[in-house]
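# Breakdown of the fold
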Amino acid sequence: MVVLSGKGGTAKTLWQTLIAGEASREGLRVLLVDVDPERNLSNRFDAPAHVPGLAGVLTDAGVTSGESNAEKGAARIDSEIIPTRWPGVDLLPAGASLTGIAQVAIPDLWLLRDIAEAAGFGRRWDLVLYDTGGRTGALTTCAMYAADVAYAPITATTDAIRKAGEARDRVEKIQRSHRLRWAGVVLTGFDIRINVQAVIREEAITQFGDQVRAELPRRAAVDEAFQVGWRLGDRRDPEITALADILRGFLLRDLMRRRSTHKTGEP
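So, here is what we can say about the structure in this document.

Attention now goes to the overall build of the protein chain. If you tally the helices and strands in the protein chain, you get twelve helices and eight strands. Expected size for 267 residues packed as a compact globule is a radius of gyration near 18 Å; at 18 Å, the protein chain falls within 12% of this value. If one aligns the C-alpha atoms of the protein chain with their principal axes, the spans along those axes are about 55 × 35 × 30 Å. A buried classification covers 55% of the 267 residues belonging to the protein chain.

Once that is clear, we can look at the pattern of salt bridges. Overall, the coordinates contain 23 salt bridges when judged by the stated rule. A salt bridge links R193 to D191, with the shortest nitrogen-to-oxygen separation between them at 2.9 Å. What makes R193 exposed here is its relative accessible area of 73%. Residues R235 and E224 are paired through a salt bridge, measuring 3.8 Å at the closest nitrogen-oxygen approach.

By the element assignment, E80 lies in helix α4 (residues 70-80). Note on E80: relative accessible area 6%, which makes it buried. One polar contact links the side chain of E80 to the main-chain amide nitrogen of G53, over a distance of 2.8 Å. A polar atom in the side chain of E80 sits 2.9 Å from the side chain of R76. With near-sequence residues (within four places) excluded, E80 lies in contact with P52, G53, V57, L91, L92 and P93.

Right, let's get into the sheet that holds strand β3 (residues 82-83). What the eight strands build is an open sheet, ordered β3-β4-β2-β5-β1-β6-β7-β8; its pairing is mixed. The open sheet has two free edges, formed respectively by β3 and β8 (212-216), since each of these has just one partner strand. Of the strand pairs in this sheet, strand β2 (residues 30-35) and strand β4 (residues 89-92) are connected by four bridges, and their pairing is parallel. Looking across to β4, one finds that L32 is bridged to L91. Along the sheet, helix α1 (residues 12-25) makes contact with β1 (2-3), β2, β4, β5 (127-132), β6 (149-154), β7 (181-188) and β8, crossing β5 at roughly 165 degrees.

Let's shift gears to helix α12 (residues 238-255). A rise of 1.5 Å per residue sets the reference length of α12, with its 18 residues, at 26 Å; its end C-alpha atoms lie 25 Å apart and thus fit the reference within 8%. Buried within α12 we find I240, T241, L243, A244, L247, R248, F250, L251, L252, D254 and L255. With a side-chain oxygen lying 2.9 Å from the backbone nitrogen of E239, the N-terminal cap of α12 falls on D237. One or two steps after α12, the chain reaches R257, where phi turns positive at roughly 55 degrees.

Counting 56 residues, the largest nonpolar core has L58, I115, F121, Y130 and I154 as the members making the most contacts within it. Here I154 is in contact with T10, A160, I161, A164, V185, V186, L187, T188, F190, A204 and F208, once residues within four sequence places are set aside.

The rules behind the values
- Residues numbered from 1 in each chain as written.
- Predicted model: local features only at pLDDT ≥ 70, side-chain atom pairs only at ≥ 80, totals over all residues.
- Heavy atoms only, no water.
- Helix = DSSP H or I, 4+ residues; strand = E, 2+ residues; numbered from the N terminus.
- Rg over C-alpha atoms; globule rule 2.2 N^0.38 Å.
- Buried < 20%, exposed > 50% of the residue type's maximum accessible area, 1.4 Å probe, protein only.
- Salt bridge = Lys/Arg side-chain N within 4 Å of Asp/Glu carboxyl O.
- Polar contact = N/O pair within 3.5 Å; in protein donor to acceptor, adjacent residues only side chain to side chain.
- Contact = heavy atoms within 4.5 Å.
- Pairing = 2+ DSSP bridges.
- Axes fitted to C-alpha atoms, helices over the stretch in contact; angles between N-to-C directions.
- Expected span 1.5 Å × (residues − 1).
- Core = buried A, V, L, I, M, F, W, Y, C linked by side-chain atoms within 4.5 Å.

Here is the structure:
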């Protein structure tokens, strides 16, 4: 699964992180891949800043030399993946030199997918979540070709609506050569008691219609879980459990197209 939107403040990393937490609670094996040169996802899981990470994998795969070799990149995977604090969730951090790689043209847009297949991602993990930086460069495009499903989050700004529309357009263009399924948009952090946010929310619903697949209202517990590193559903407060159920529903129904293995609200 790849999350798409423009750069900055659209809750891409928030959603990928919270989804990983609920997938962990669901008993799924998860790999998080940080494709963002700013390393927001890596920082969230306290990955050391100096590790080669994805940048090292792509370097071994020939990105900087111009000679693609997915097998060499795949051979580097195990030495770069680190476990997280959550059961069954691993992380491939961005790596310190990913910023430089983001400036390089990557002619082989299938390279990241070929690396994943050579490394046996499908056998080792039930879910792979690619977190992108929102740029329109080759790194994000490679992540799109590596994924099977894409979605975009929308926060309470008109700019976020525009960025989500652009993400949908990019998916439609890629669908000419790659069967990347568009799973829709998710709304994040709207406070409908604030008039301007209520208006923006209605604008998003009007523009995307039934493509609006889930909504996380503005709640301090969501930000706390993200900042502190909790799996949202580990909190037993009924309101927080309901928020976790929203995430789980989107993950299983819209992204994975499968049913939950346990009753709502259970750990």
